[in-house]
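Reading the structure
Each chain is listed here by its residues.
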Amino acid sequence: MSLSAIIFYILAATIIIFSILTVTSRRILRAAIYLLFVLVATAGIYFMLNYQFMAAIQLTLYSGGIVVLIIFSIMLTSEVGDKFERPALWKLLAGVSTFIIGTGLTLWVLLSHVFKVSDQQAIDVNMRSIGNSLLSLHKGGFVLPFEVISILLLAVMVAAIIIAKKEEDNTKSDEI
Amino acid sequence: MHDRIYDFSQLTHHIDQALRSVMSPTWTVITELVIIGLIFLGFYALLGLFLVYAERKVCALMQNRIGPNRVGKWGTLQTVADLIKLLTKELVYIKRSDKFLYNLAPFIVIVASFLAIAAVPFAKGLQAVDLDIGIFYIIAVTSLGVIGILLGGWASNSKYSLIGAMRSGAQVVSYELSVGLSLLSIVIFTGSTRLSTIIASQADGWWIFKGHIPAVIAFLIYLVAATAEINRGPFDLPEAESELTAGFHTEYSGIKFAMFFLAEYMNMFLVAAIATTLFLGGWMPFHIGHWDAFNRIMDYIPSIIWFFGKVFFIIYVIMWFKWTFPRLRIDQLLKLEWKYLLPLNLINTIIIAFIVMMGWYF
């Protein structure tokens, strides 16, 4: 077995084990940390595929952004000793059966599909080509979706500020 | 032009060849990884010792004192003695804390700064990995450090730690924006995020000189925002002695406290190294236009000395900040970022994009 295969299996095992721990842990902050491990290991797989841009996005957005937000909200709402109650039996059964059906379906599709090995040259995905195609107006460019998402994000941010903004009357806080 | 500068990749290439002749390719890779890891660990420990000593000396200089002067010549062994003291201290375990997360937190902080150091170019050809995403990679992995701080504060089950961690989190997350945007300005100038390309583009002049006033503004914003991001004075609110004791690491002792402490100094080194690489030309010698004799003499100074000289200069400036400026209050701190630095940075970025579009830089 080659070195990259060994590293792949280590990363894959990490992802599987910590994914299971994320949903089975009864302590909410631990679950968030297990999720962090899953996301970091996924970034590792992107690095193995030489898709470095995606790996860095995975680290900044998911690990550094979303997990930090999750931890923040947990920190404000729960304490060290808090534990979830055990789920009811029917919820457990429903969850397990969904898991079995989902896994079975995915495995069936994956195993029955014949993967063709492409003989085309691997494309070098560097930041320059990603940036160019994101803002390209020509065929294969993504400028429209890019701008639509920008407007959506802007709207979300404005909405968030309006929700978080204090009322006009009690703004007389301790301004210096 | 830069043939006179010694290229460290010759040395590393020789080592690689020697290893390959003795063992199989797989074992060569593993051995090289172990060697690089050990070098970085040693570097980390020594640099930590040196920076703590330097901090105490700089502090003493600012306050008109002598500083440590009893242990060893000029007190140089003071930090070694402090280290031995720290390592022999008892590890205090708190009841009703989340043991797993409590123990994990210092490791996350240290791993985040350790990951980032892999991409730092120390000298010509002396860089562990030269990623295409270079600077973006460093921003990405250092953003993980704040998770360790948040966890440490929460898992200690102490009010001081929790408030300290919340402050630290808010501070790091907000100032990350300014750091990223100010670094983006240099990426716009070079058109690349690969660190070796960024350094190569500064062969005829550092970006702080070539990029006109916008580059200087970006550099200043970077210095302020980065100082805030590594929780150092005058932005050291997470560790406010008067109201929060020691902030998020109040409940840590012995080696676990030492890890937080070391990570703080390593992050300071990283901040200085990034500033050096992007704004001050990395390991590039100082050149003035067509003064060939002058440039030639500058080339004889090894690139590694140029790098560390610039890094320690910036570290000195950051320490200078800490010991001369009064601390900010938490609301002033957040106001500084969101109301002043961020809008200024956005306008600056647009100006730089315009300059680059018109080709108005050297």
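The rules behind each value
Residues numbered from 1 in each chain as written. Chains lettered and ligands numbered in written order. Predicted model: local features only at pLDDT ≥ 70, side-chain atom pairs only at ≥ 80, totals over all residues. Helix = DSSP H or I, 4+ residues; strand = E, 2+ residues; numbered from the N terminus. Core = buried A, V, L, I, M, F, W, Y, C linked by C-beta atoms within 7 Å. Buried ≥ 20, exposed ≤ 12 C-beta atoms within 10 Å, placed from the backbone. Contact = placed C-beta atoms within 7 Å. Domains from an automatic or database assignment. pLDDT = per-residue confidence, 0-100. Axes fitted to C-alpha atoms, helices over the stretch in contact; angles between N-to-C directions. Parallel < 35°, antiparallel > 145°, perpendicular 65-115°, else oblique. Left-handed = near helix turned anticlockwise from the far one by under 90°. Nonpolar A, V, L, I, M, F, W, Y, C, P; charged D, E, K, R; others polar. Expected span 1.5 Å × (residues − 1).

**Focus: the environment of K166 of chain A**
- Residue position: K166 of chain A is located in the segment after α6 (143-164).
- Sequence-wise, K166 of chain A and V40 of chain A are 126 residues apart; in three dimensions their C-alpha atoms are separated by 37 Å.

**Description of the nonpolar core**
- Membership of the largest hydrophobic core comes to 107 residues, with the highest contact counts inside it found for I147, Y222, F269, A272 and A275 of chain B.
- Discounting residues that sit within four places of it in the chain, I147 of chain B has contacts with L36, V67, V68 and I71 of chain A together with I108 of chain B.

**Here we look at the domain arrangement of chain A**
- Annotation of chain A at the domain level lists domain 1 (1-81) and domain 2 (126-166).
- Computed over C-alpha atoms only, the centres of domain 1 of chain A and domain 2 of chain A are separated by 26 Å.

**Side note on the confidence of the model for chain A**
- Considering every residue of chain A, the mean pLDDT works out to 85; 94% of them sit at 70 or more.
- Per-residue pLDDT, averaged within each element of chain A, yields its smallest value for helix α5 (residues 127-134) of chain A (82) and its largest for helix α4 (residues 89-112) of chain A (92).

**Description of the packing of helix α7 (residues 159-190) of chain B against helix α15 (residues 330-358) of chain B**
Residue and element names in this part refer to chain B.
- Orientation of α7 relative to α15, taken along the N-to-C sense of each, is 15°, at an axis distance of 9 Å. With respect to each other, α7 and α15 are oriented roughly parallel. In this structure, α7 meets α15 at a crossing whose hand is left-handed.
- A per-class count over the contact of α7 with α15 returns 17 nonpolar, 8 polar and 2 charged.

**Here's the deal with the interface of chain A and chain B**
- Contacts between the two partners involve 21 residues from chain A and, on the opposite side, 29 residues from chain B.
- Put simply, the parts of the chain that give the side of chain A that touches chain B at least two residues each are α2 (28-48) and α3 (52-77) of chain A.
- Tallied by class, the residues present in the side of chain A that touches chain B amount to 14 nonpolar, 6 polar and 1 charged.

**Examining α4 of chain A**
- With 24 residues, α4 of chain A extends 34 Å from end C-alpha to end C-alpha; this agrees with the ideal 34 Å at 1.5 Å per step.
- Taken across its 24 residues, α4 of chain A has 0 buried, putting it largely on the surface.

**Notes on the packing of helix α4 (residues 99-117) of chain B against helix α12 (residues 254-279) of chain B**
All names here are of chain B.
- At a minimum axis distance of 9 Å, the contact between α4 and α12 shows a crossing angle of 25°. As summarised for this structure, α4 and α12 are arranged roughly parallel, according to the angle between their axes. As α4 packs across α12, the resulting crossing turns out to be left-handed. Here P106, V109, I110, S113, A116 and I117 of α4 come into contact with α12, specifically with K256, M259, F260, L262, A263, M266, N267 and L270.
- Of the residues contributing to the contact of α4 with α12, the split by class is 11 nonpolar, 2 polar and 1 charged.

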